[in-house]
Amino acid sequence: METTLSELRDGERGAVTRLELAGPTKRRLIEMGITPGTRVQAMKRAPLGDPIEIMLRGYTLTLREEDARRIFVRRDGA
């Protein structure tokens, strides 16, 4: 089942299916390794839910909630 990265709960894993971003933000995230097929895991969130820390390709990355809502993933087991 496809959902957004922002909807993954802490500890939940999935694979990126698509990015609905444009311009410099999309380019920056692709350069950091967020591409279709990449395995990601939601690690934790700031107290108010923004930003979100994720694990991918052996490192952690912190994303704005706004960007995470535009990155679509397929949850593990879905």
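Everything discussed here concerns the structure shown above.
Every value quoted in this text rests on a predicted model; they were computed, and no experiment measured them. (Residues numbered from 1 in each chain as written. Predicted model: local features only at pLDDT ≥ 70, side-chain atom pairs only at ≥ 80, totals over all residues. Heavy atoms only, no water.)

Q: How do you make sense of the overall build of the protein chain when you look at a structure like this?
A: Scanning the protein chain from terminus to terminus reveals two helices and six strands. When the elements of the protein chain are put in sequence order from the N terminus, they spell out β-β-α-β-β-β-α-β. Against the 2.2 N^0.38 benchmark of 12 Å for 78 residues, the protein chain shows a C-alpha radius of gyration of 11 Å, consistent with a compact globule. Reported as C-alpha extents along the three principal axes, the dimensions of the protein chain are approximately 30 × 30 × 20 Å. The proportion of buried residues among the 78 residues of the protein chain is 38%. Summing over all exposed atoms, the protein chain offers an accessible surface of approximately 4600 Å²; the carbon and sulfur share of this is 51%. Each charge class in the protein chain was averaged separately, 15 positive and 12 negative side chains, and the resulting centres sit 3 Å apart. (Helix = DSSP H or I, 4+ residues; strand = E, 2+ residues; numbered from the N terminus. Rg over C-alpha atoms; globule rule 2.2 N^0.38 Å. Buried < 20%, exposed > 50% of the residue type's maximum accessible area, 1.4 Å probe, protein only. Areas by Shrake-Rupley, 256 points an atom, 1.4 Å probe, with all protein chains shown as cover. Lys, Arg positive; Asp, Glu negative; His and termini not counted. Charge placed at Lys NZ, Arg CZ, Asp CG, Glu CD.)

Q: Help me out: how do you make sense of the side chain of Thr 4 in this one?
A: Counting through the fold element by element, Thr 4 comes out in strand β1 (residues 2–4). The buried category is assigned to Thr 4, whose relative accessible area is 9%. At 3.0 Å, the side chain of Thr 4 and the side chain of Ser 6 are in polar contact. For Thr 4, the residues in contact, after removing those within four places along its chain, are Ala 68, Arg 69, Ile 71, Phe 72 and Val 73. (Polar contact = N/O pair within 3.5 Å; in protein donor to acceptor, adjacent residues only side chain to side chain. Contact = heavy atoms within 4.5 Å.)

Q: Honestly, the environment of Ile 52 in this entry has me stumped. Any pointers?
A: By the secondary structure assignment, Ile 52 is in strand β4 (residues 52–56). Given the relative accessible area of 2%, Ile 52 is considered buried. Separated by 23 residues in the primary sequence, Ile 52 and Arg 75 have C-alpha atoms spaced 17 Å apart. For Ile 52, the residues in contact, after removing those within four places along its chain, are Ser 6, Lys 44, Arg 45, Leu 61, Thr 62, Leu 63, Glu 65 and Ala 68.

Q: Just to check I follow, could you spell out the pattern of salt bridges for this structure?
A: Enumeration over the complete set of coordinates arrives at 10 salt bridges. Across the pair Glu 2 and Arg 18 runs a salt bridge, and its minimum N-O distance is 2.9 Å. Of the two residues, Glu 2 sits in strand β1 while Arg 18 sits in strand β2 (residues 13–19), which places them 16 residues apart along the sequence. Of the residues examined, Arg 18 reaches a relative accessible area of 31% and is grouped as partly exposed. Residues Arg 69 and Glu 65 are paired through a salt bridge, measuring 3.8 Å at the closest nitrogen-oxygen approach. Taking relative accessible area as the criterion, Arg 69 reaches 46% and is therefore assigned partly exposed. Residue Glu 65 is classed as buried on the basis of its relative accessible area, which comes to 18%. Ionic contacts of the salt-bridge type, sharing partners, join the residues Asp 10, Arg 45, Glu 65 and Arg 69 into one network. (Salt bridge = Lys/Arg side-chain N within 4 Å of Asp/Glu carboxyl O.)

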